[in-house]
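# Observations on the model geometry
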Amino acid sequence: VSGTESTITPSVTPKRRLDVVAEYTRHQKTRETLNLVVVGHVDAGKSTLMGHLLYALGQVNERTMKKFERDAEKIGKGSFAYAWVLDETDEERSRGVTMDIATSAFATKNRRFTLLDAPGHRDFVPNMISGASRADVAILVVDASTGGFESGFDGNGQTREHAILIRSLGVRQLVVAVNKLDVVGWSEVRYAEISARLLDFLISCGYLRDDVRFAPVSGLKGTNLACRIEADSLPELASWYRDASDSSKTGPCLVDLLDTFTMPERPISKPFRLAVNDYFRGGSFSSANSVSVSGRIAQGNVQIGEHVVVIPGGERGSVKAIDVDFESQEWAVAGDSVVLMIQGLDIQHVSVGSVVCAIERPIRSVTRFEAQLVVFDPAVPITNGFPALLHMQSLNVPVVIHKIIETFDQRTGEVMKRRPRHIRKGATARVELVTETAVCLELFKDSKELGRIMLRKGGETIAAGIATLLK
Ligand code: GDP
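Not measured: the values here are computed from a predicted model. (Residues numbered from 1 in each chain as written. Predicted model: local features only at pLDDT ≥ 70, side-chain atom pairs only at ≥ 80, totals over all residues. Heavy atoms only, no water.)

## Let's talk about the overall build of the protein chain
What counts here: Helix and strand definitions here come from DSSP, where helices need a minimum of 4 consecutive H or I residues and strands a minimum of 2 consecutive E residues; each element is numbered from the N-terminal end. For each residue, the accessible area found with a 1.4 Å probe, counting protein chains only, is set against the maximum for its type, and the residue is called buried under 20%, exposed over 50%, and partly exposed in between. In what follows, residue pairs with any heavy atoms lying within 4.5 Å of each other are defined as contacts. Reported accessibility uses the Shrake-Rupley method at a 1.4 Å probe radius. Residues are deemed covered only where the shown protein chains occlude them.
Scanning the protein chain from N- to C-terminus turns up 11 helices and 27 strands. Counting every position in the protein chain, which comprises 471 residues, the buried fraction comes to 52%. Excluding contacts between residues fewer than 6 apart, the proportion of contacts in the protein chain whose partners are at least 24 apart in sequence is 72%. In the form shown here, the protein chain has an accessible surface area of approximately 21400 Å², with 50% of it arising from carbon and sulfur atoms.

Right under this line is the structure:
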C-alpha cells in the first residue's frame, strides 16, 4: 500500500526553491527603471527639450539628426528638428504637433528611464493621460518667456491642469524645467519668480517641497540639459546659477536632477500578479496544454516551477519558463516585462486582462466598485446611468456610472456636493461603477498599477481615476 502512495504524492515540480526577494536585492542595481512622463502647456517646448536631451545623451545618431535639420530647414521651421526626434508620422511633422505617445528609453548615471511623451495640445489630453497613468515621475516644462509662463499658468493654461492630473494619478516626484530662459537673457529674477509661484502652487496640490526640483534650461539651445554649463561659456547664467553645496561649481543640469529621483518601492514581496497583455499557445517550451502569457509584473515575484492561478476563472498551471526582456531567467519580479510559459492551462481560460496570480492570494474580480475620478471634458455631462468603456491595463469593458456619490475639492479633499445630478468638467468625484463583465481590480492604496482606471467614450478619455472600494 505504501508503495502505491509514494508514486502519487510527491509533486514533480518543486515550488519556490529560490528566495527571489534575496536574489533581487543582490541584482537590484541593473534592473531599476522609472517611467517618466513629460507634461506642460502646449508650446512650452516639451518636444524640443526631450528631443534635444535624447540627442545630447547619444540616443539619436548624427545622421538622423542632420536629416531632421535639413527637412526642417526645407519647410522653413528649422527649430522643429529636435521635436521630430519624438514624432513618428509625416502628418505630425507637417503640423508641427506631437500627436501620440512616443516611448523611448534612456539612462543617466544611476537611473534608467522609459519616456512616455505627453503632447501639450488641448485636444491631445487623452493621449497624455494614458502616458501619465503609467508614470512614476514627471518633468513639468514651463515657458519662461515674457507672457509665456503666464499664458500657460493663469486662466485656462494647462500647466495647473497637468500638475494636478499627474498628482491625482499617483506621481509624487517632479523636475520643473524652466525653459526658454534664453529668450529673457537668462534672467535670475524671472527664474526666481516662476519657481516661487510654481512651488507654492505645487505644494497646494499635494506635492512635497523636497520632491520638486527646478532647473533653468533652454531646450532649443540645449543649455543645461545633459551637462552643467561652463562658467565662462554662459556668464549670464553661471553668475547666479550655482551648486547649493559647492558654490565654486555651477548648478545641477536637468540630467543631474533626474538622477536624484528616488526609486518608488517595487512591491516585490506582495502576492504575485501579472495582468495579461497578450497570450498564445505553446511557446519556447512546447507542450500540448501550455500557454504563454506576456505583460509587466504588477507586484510580487515568480519563479520556474511555481504554481499560479488565472483570474477570472480560477484555472491553474505551473510556470515552465520565464523570459525577462527576451532573455530566459529563473525568476522575475514586479516591474519586469515578461513572457511566462505556463503548463496545464487551457487557452480558453486566458484572455487579455486576465491576471495571473499567486495561488494562495489571488486578485479579486468584481463587477461593482467605487472609484475617485478626475473628469476631463466629456461631450455630454456625466450623470447617473452614464455608459462608458472602462479601460485598465490592456482591458476594455463596458461600464455604467451607476451612482455619483459626491464631488469634492481635489486639493483639500473637502466635499463640495453630495449626490449631485451630474459631474462638471474638471471636477473630482467619488462614484460607484458597474461593469458588464467581471474585472480584476485592486484598491489603489494596495496597488498603483492594478488600482488605476480610465473611462473612455467615443474614442476619447473622459476621466481617470483610482479604485477606492471593491464591492
Ligand atoms: P510643445 O508643444 O511643448 O512640445 O513645444 P515644442 O517643443 O513644439 O516648442 C514650441 C515652440 O517653442 C517651438 O517653436 C520651439 O522651437 C520653441 N522652443 C522650444 N524650446 C525653446 C527654447 O528653449 N528657447 C526658445 N527660444 N524657443 C524654444
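## Some thoughts on the site of the ligand
Rules: Residues are labelled near a given molecule or strand when at least one of their non-hydrogen atoms is within 4 Å of it. Under the rule applied, a polar contact is a pair of N or O atoms within 3.5 Å (in protein, one hydrogen donor and one hydrogen acceptor; residues adjacent in sequence only if both atoms are side-chain atoms). Side-chain classes are defined by residue name, with Ala, Val, Leu, Ile, Met, Phe, Trp, Tyr, Cys and Pro counting as nonpolar, Asp, Glu, Lys and Arg as charged, and the others, Gly among them, as polar.
Not every one of the 17 residues close to the ligand is listed here, only the nearest: Asp43, Gly45, Lys46, Ser47 and Thr48. At 2.8 Å from an oxygen atom of the ligand is found a main-chain nitrogen or oxygen belonging to Asp43. Backbone polar atom of Ala44 to an oxygen atom of the ligand: 3.3 Å apart, as the coordinates give it. Within the complex, the protein chains bury 84% of what would otherwise be the 580 Å² of accessible surface of the ligand. With 3 residues, the top contributor of residues to the shell around the ligand is helix H3 (residues 46-56). Looking at the shell around the ligand residue by residue, the class counts come to 5 nonpolar, 8 polar and 4 charged.

## Comments concerning the confidence of the model for the protein chain
The test is simple: Per-residue confidence from the predictor is reported as pLDDT, a score between 0 and 100.
Overall, the prediction assigns the protein chain a mean pLDDT of 85, with 86% of residues at 70 or greater. Under a pLDDT of 50 for its full length, residues 97-103 has, in the predicted model, 32 contacts with residues more than four places off or in other chains. Scored as a whole, the predicted complex attains pTM 0.73, and scored at its interfaces, ipTM 0.99.

## Description of the pairing of strand E27 (residues 460-470)
Here is the rule: At least two DSSP bridges between two strands are required for those strands to pair.
Within E27, 8 of the 11 residues are buried, which leaves it mostly tucked inside the rest of the structure. The pairing of strand E19 (residues 364-375) with E27 spans 7 bridges and is classified as antiparallel. Its bridge partner being in E27, Gln372 is matched across the sheet by Ile466. In this sheet, E27 lies alongside strand E26 (residues 452-457) in antiparallel orientation, the contact comprising 6 bridges. Bridged to Arg456 within E27 is Thr461.

## Considering the environment of Arg112
Relative to the helices and strands, Arg112 resides in strand E3 (residues 112-117). With relative accessibility at 40%, the residue Arg112 sits in the partly exposed group. Through-space distance from the C-alpha of Arg112 to that of Leu258 is 9.8 Å; in sequence the pair is 146 residues apart.

## Some remarks on the nonpolar core
Note the following rule: Here, nonpolar core refers to any group of buried Ala, Val, Leu, Ile, Met, Phe, Trp, Tyr and Cys residues whose side-chain atoms link them within 4.5 Å.
In this structure, Met50, Ile139, Val176, Val178, Leu198 and Leu254 are the most contacted members of the largest nonpolar core, which totals 70 residues. Each residue touching Met50, except ones within four places of it in the same chain, is listed here: Leu36, Val38, Leu86, Phe106, Leu115 and Ile139. If you look at the next biggest cluster of nonpolar residues, it comprises 29 residues, including Ala371, Leu373, Val375 and Ile462.

## Thoughts on the environment of Gly51
Here Gly51 shows up in helix H3. Given the relative accessible area of 0%, Gly51 is considered buried. Sequence separation between Gly51 and Ile462 is 411 residues; the distance between their C-alpha atoms is 29 Å. Those residues in contact with Gly51, other than ones at most four positions away along the chain, are Tyr82, Val85 and Leu86.

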